[in-house]
Amino acid sequence: MSREIYDELTKILRDVFDNDSIVATPDLDASQVPDWDSLGNVRLFLSIEMAFGVRFSAGEISGIDNVGDLVKSIENKQAK
Amino acid sequence: MAAPDMSLNILDMQWLPDVGSKFRENLRTLGEGREFSYAKAHSLATSRLDLSQLHTFARVLSRQTDPGGDGSLSLSILSNATADLIASSVIATAPRHRLWINAHVAPFGTFATEALDAFSETNTRRDDFVLLALDYKGFNLTSCPGDLTQANSIVASCVSQVQKFVAAIREASGATVIVQTLPLAATSEFGSLDAQLPGTLRWLIQRFNVELCEAISSGVLVLDVAGLAQMVGLSEWHDPVQWNLGKFSFSQRVVPLYAEWLCRLIAASKGKSKKCLVLDLDNTLWGGVIGDDGLHGVVLGQGSALGEAYLSVQEMALMLRKRGILLAVCSKNEDVIARMMFREHPEMCLREEHIAVFQANWQDKASNLVAIAEALNIGVDALVFMDDNPAERHQVRLALPQVAVPELPDNPDYFASILLSAGYFEAIQFTNDDRQRADHYKQNAARRAVLGDSTNLGEYLESLEMEAYVSTFDAVGRSRIAQLINKTNQFNLTTRRYSESAIEKFESDASIIDLQIRLRDRYGDNGMICVVICKECNAALVIDTWLMSCRVLNRRVEELVLNLLVGIARQRNLQRVIGIYSPTEKNGIVSDLYCRLGFKFQSESSDGTHWSLELSSFSASSVPIKLTLSPDIELDESAGGIA
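Q: Got a minute to help me understand the overall build of chain A in this structure?
A: Scanning chain A from terminus to terminus reveals four helices and zero strands. If you list the helices and strands of chain A from N to C, you get α-α-α-α. Against the compact-globule benchmark of 12 Å for 80 residues, chain A has a radius of gyration of 11 Å, which places it among compact chains. Oriented by its inertia axes, the alpha-carbon framework of chain A measures out at about 35 × 25 × 20 Å. Sequence separation of 24 or more characterises 50% of the internal contacts of chain A that already satisfy a separation of 6 or more.

Q: Mind showing me how you'd approach the environment of Ile 513 of chain B here?
A: Residue and element names in this part refer to chain B. Structurally, Ile 513 is set in strand β11 (residues 512–521). Exposure remark for Ile 513: the 24 C-beta atoms within 10 Å place this residue in the buried category. Measuring from C-alpha to C-alpha, the distance between Ile 513 and Gly 303 comes to 62 Å, with 210 residues separating the pair along the chain. In this structure Ile 513 touches Cys 534 and Ile 568, once residues within four positions along its chain are discounted.

Q: Please explain unusual backbone geometry as it appears in this structure.
A: A negative phi angle is the norm for most residues apart from glycine, just as the trans form is the norm for most peptide bonds. One non-glycine residue, Asp 18 of chain A, lies in positive phi territory at about 50°. Summarising the element assignment, Asp 18 of chain A is placed in the loop between α1 (2–17) and α2 (38–52). Positive phi values are uncommon outside glycine, yet Arg 556 of chain B reaches one of about 70°. Mapped onto the secondary structure, Arg 556 of chain B falls in the loop between β13 (540–548) and α24 (557–571).

Q: Can you help me understand the interface of chain B and chain A in this one?
A: Note on interface size: it is often stated as the accessible area lost on association of the parts. Taken together, the contacts link 14 residues of chain B with 13 residues of chain A. In terms of residue count, the dominant contributor to the side of chain B that touches chain A is helix α12 (residues 240–246) of chain B (five residues). Classifying every residue of the side of chain B that touches chain A gives four nonpolar, seven polar and three charged.

Q: Quick question: what am I supposed to make of the nonpolar core here?
A: Soluble globular proteins: nonpolar side chains tend toward being buried together. All names here are of chain B. In this structure, Ile 77, Val 90, Leu 131 and Leu 132 are the most contacted members of the largest nonpolar core, which totals 100 residues. Setting aside chain neighbours within four positions, we find Ile 77 in contact with Ala 83, Ile 86, Ala 87, Ala 103, Val 105, Ala 106, Leu 131 and Ala 133. Ranked by size, the runner-up nonpolar core spans 54 residues in total, among them Leu 311, Ile 355, Ala 373 and Val 403.

Q: Explain the packing of helix α7 (residues 148–173) of chain B against helix α9 (residues 201–215) of chain B here, please?
A: Residues and elements named next belong to chain B. Two elements in contact, α7 and α9, have axes whose closest approach is 9 Å; the angle formed by their N-to-C orientations is 45°. In terms of axis orientation, α7 runs oblique to α9. For the element pair α7 and α9, the recorded crossing hand is right-handed. Residues Ala 151, Ile 154, Val 155, Cys 158, Val 159, Val 162 and Gln 163 of α7 form the contact with α9, whose participating residues are Trp 203, Leu 204, Arg 207, Phe 208, Glu 211, Leu 212 and Ala 215. Taken together, the residues of the contact of α7 with α9 sort by class into 11 nonpolar, one polar and two charged.

Q: Help me understand the domain arrangement of chain B in this model?
A: Here chain B is described as being made up of domain 1 (16–269), domain 2 (276–421) and domain 3 (465–639). For domain 2 of chain B and domain 3 of chain B, the distance between their C-alpha centroids amounts to 39 Å.

Q: I tried to follow the sheet that holds strand β4 (residues 176–180) of chain B on my own but got confused; where do I start?
A: Hydrogen bonds along the backbone pair up the strands of a sheet, which may run parallel or antiparallel. Residues and elements named next belong to chain B. Ordered in space as β2-β1-β3-β4-β5, the five strands form an open sheet in which the pairing is parallel. Strand pairing shows two members of the sheet lacking a second neighbour, β2 (101–105) and β5 (221–223), which therefore form its edges. Between one strand axis and the next, the sheet turns through 25° on average, direction left out of account. Strands β3 (129–133) and β4 of the sheet are contacted by α7, whose axis makes an angle of about 160° with β4.

Q: What am I meant to see in the packing of α1 of chain A against helix α4 (residues 67–79) of chain A here?
A: Residues and elements named next belong to chain A. The N-to-C vectors of α1 and α4 enclose an angle of 120°; their axes lie 10 Å apart at closest approach. Taken as axis vectors, α1 and α4 run oblique relative to one another. Judged by the twist between their axes, the crossing of α1 over α4 is right-handed. Note on element contacts: α4 touches α1 through Val 67, Val 71, Ile 74 and Glu 75, opposite Ser 2, Ile 5, Tyr 6 and Leu 9. Of the residues in the contact of α1 with α4, the class split is six nonpolar, one polar and one charged.

Q: Any chance you could explain the confidence of the model for chain B here in plain terms?
A: In low-pLDDT regions, the fine details of the predicted coordinates are not to be read closely. Within chain B, residue pLDDT values average 91, and 95% of them lie at 70 or more. Overall fold confidence for the complex sits at a pTM of 0.77, while the interface term, ipTM, reaches 0.93.

Q: What should I look at first to understand the sheet that holds strand β17 (residues 625–629) of chain B in this one?
A: All names here are of chain B. What the eight strands build is an open sheet, ordered β15-β16-β14-β13-β12-β11-β10-β17; its pairing is mixed. The open sheet has two free edges, formed respectively by β15 (600–605) and β17, since each of these has just one partner strand. When strand polarity is set aside, the average angle formed by the axes of neighbouring strands in this sheet is 25°. Across six bridges, strand β14 (residues 576–581) lies against strand β16 (residues 608–614) in antiparallel orientation. Paired with Ile 580 across the bridge in β16 is His 610.

Q: Help me understand the pairing of β2 of chain B, please; the structure alone is not making it clear to me.
A: Looking down a regular strand, the side chains alternate between one sheet face and the other. All names here are of chain B. Here β2 shows a buried face lined by Ile 101, Ala 103 and Val 105 and an unburied face lined by Asn 102 and His 104. As judged from the five bridges shared by strand β1 (residues 73–79) and β2, these two strands associate in the parallel manner. Across the sheet, the residue bridging to Ser 74 is Asn 102, located in β2. Handedness of the crossover joining β1 and β2 through helix α4 (residues 84–93): right-handed.

Q: For this particular structure, what's the right way to read α9 of chain B?
A: Helical periodicity: at 3.6 residues per turn, an α-helix aligns residues three or four positions apart in one direction. A rise of 1.5 Å per residue sets the reference length of α9 of chain B, with its 15 residues, at 21 Å; its end C-alpha atoms lie 21 Å apart and thus fit the reference within 8%. Those residues of α9 of chain B that are buried are in contact with α7, β4, α8 (193–196) and α10 (225–232) of chain B.

Q: Explain the pairing of β16 of chain B to me, please; I cannot follow it from the model alone.
A: Residue and element names in this part refer to chain B. Pairing analysis gives five bridges linking β15 to β16, with the strands arranged antiparallel. Its bridge partner lying in β16, Ser 603 is registered against His 610. In sequence, β15 turns back onto β16 through a hairpin of two residues.

Q: Looking at this structure, how should I read the environment of Gln 150 of chain B?
A: Residue and element names in this part refer to chain B. Mapped onto the secondary structure, Gln 150 falls in helix α7. For Gln 150, a count of 15 C-beta atoms within 10 Å translates into the label partly exposed. For Gln 150 and Pro 624, which are 474 residues apart along the polypeptide, the C-alpha to C-alpha distance reads 64 Å. The residues touching Gln 150, leaving out its near neighbours within four places in the chain, are Cys 144 and Gly 199.

Conventions used here
Residues numbered from 1 in each chain as written. Chains lettered and ligands numbered in written order. Predicted model: local features only at pLDDT ≥ 70, side-chain atom pairs only at ≥ 80, totals over all residues. Helix = DSSP H or I, 4+ residues; strand = E, 2+ residues; numbered from the N terminus. Rg over C-alpha atoms; globule rule 2.2 N^0.38 Å. Contact = placed C-beta atoms within 7 Å. Buried ≥ 20, exposed ≤ 12 C-beta atoms within 10 Å, placed from the backbone. Nonpolar A, V, L, I, M, F, W, Y, C, P; charged D, E, K, R; others polar. Core = buried A, V, L, I, M, F, W, Y, C linked by C-beta atoms within 7 Å. Axes fitted to C-alpha atoms, helices over the stretch in contact; angles between N-to-C directions. Parallel < 35°, antiparallel > 145°, perpendicular 65-115°, else oblique. Left-handed = near helix turned anticlockwise from the far one by under 90°. Domains from an automatic or database assignment. Pairing = 2+ DSSP bridges. pLDDT = per-residue confidence, 0-100. Right-handed = clockwise from strand over helix to strand, strands pointing away. Expected span 1.5 Å × (residues − 1).

Structural data, given as structure tokens:
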């Protein structure tokens, strides 16, 4: 199940950051992707919310450090 | 995105076609091509793009240095909130409106000093436009429920604060300032009482918006963000998560639509709004096919839900016509059968007299659109084409990408709303000229019919009984002068664009010789049809700007203007008149004007060809136009030719 989330995130990350070399892995974080600054983060989360039909709080967004945390958060929200 | 026929959410921007799955590939070909294609950029921008697509697009556009076309516009954004994502969306939305905008955001929190300090970075940049993107949190709008005196004082001081910013920017930078109305908050303090009770935040914001619009000077543009937020829905507009996270004034999901509204306003100020709505007939203005179903079989009007939907499309078209937008018909039908609906069906609210050009035949729609543009003397890029049939829309988009073709859902209940939401006819003013435009075209049709009857042009012109009123630039004519200067493309020798505040300065500048000309004839008042700006230089009168409305071509107004300029030059003891022709894509009709008027070619340079007319060898021609001059125009009457 989380495989599907990772695949979807790979697609989203590539579109948001215009970079076809990105692969979503648990350790992937902003420091490894050009243009993934705080503004890029807002764009990313808007796309994720649209794609997965979930909403994040300001605190959650600030607390997510890497794609692994992100996937866990999405899974929790989808389980509700 | 919601499926097009499920609901109408303005955020989905459904009038724009879907961008498809190859956006980033297409963007790459655009960016890597040897010669940047503005046409391709326009095409790519004329689709539904989300925030990230706009951001990526902006990156590609920012790498291009030569904007070509009408040149680039610079925009600075001053905001109390984080506006960086707005800047990139504006850059990428601009090509949709045939604009090129370099957008820049002042550092967070600096809006007040950037505006007020004459030597701030913003003011020294001397942008074309400065946007004051302030929301209610950027003002001292503290609620004081029940205290009317305090409430009025707060509103007045906030409006005055905006005026100070505006004045400071205009003075220091010369930019056109764009101010915003304030969206209401998504919550209320009491509930229904907020609207009534002075001093609530709702009351303060609503009063501020009214007073701002009343107090703002001409030449300042107003972006009605309050209206936009209402249309989007305040609970959709405000997002506490994004405010808390990064001080974003509104949900960044709305940024593509906000950027679209801003670009429309800027485009309108540059004369790029559309001028004519071309309507298909079957299943667009009524339900069914008139050729097959006949008068009694088509669905239109009262008594039927579907009929009401189509009637609302006609009512929308009539509303647009009332505000100066021309209507045309483009339909695959026998002409006589199509007109029958307009003449005989009792429920039609559009009638033949409302349609400026009626093209009903079996030729392809693109050719018909070209014919319509020619008949109206406007560019093909001034047309909007509304057709329920996706195949027809596709054909027109391919053949004529400059025509705006909105996507329409299957459901005709939404046709009128979608067309209006697309904002093709944005305007920054509404003049008497606009009000009368549709009738002018009717009068022109009457004039053309008379031309058919006259045996020669001379007789025809005499029969028109033309009268010209010439005066210098003044406050009364200012907004129409600005409109002509910024919108006229064909009869325009140098296509120099001046903002309304520059034009205001010309009024009192003694070194500028400026003329505005109005023309009446037997059939009606054409309004202001010609603008001329000249300067003196080295014993010559140099024509900086000479433009004319295409409505009055071939009336010998050109010769009248020449007689006037020679008269003015002689009065000032000058020796010659110098004209410049700067060629553009659209002004080919005046490429030989100076030659035809007897000027001699002098030289060619980067701004075009230079022509000279020695006054000593000029003799005026007699022109069949009665002339009235305002008293401040001084000219040597020996120039002759003045009736």
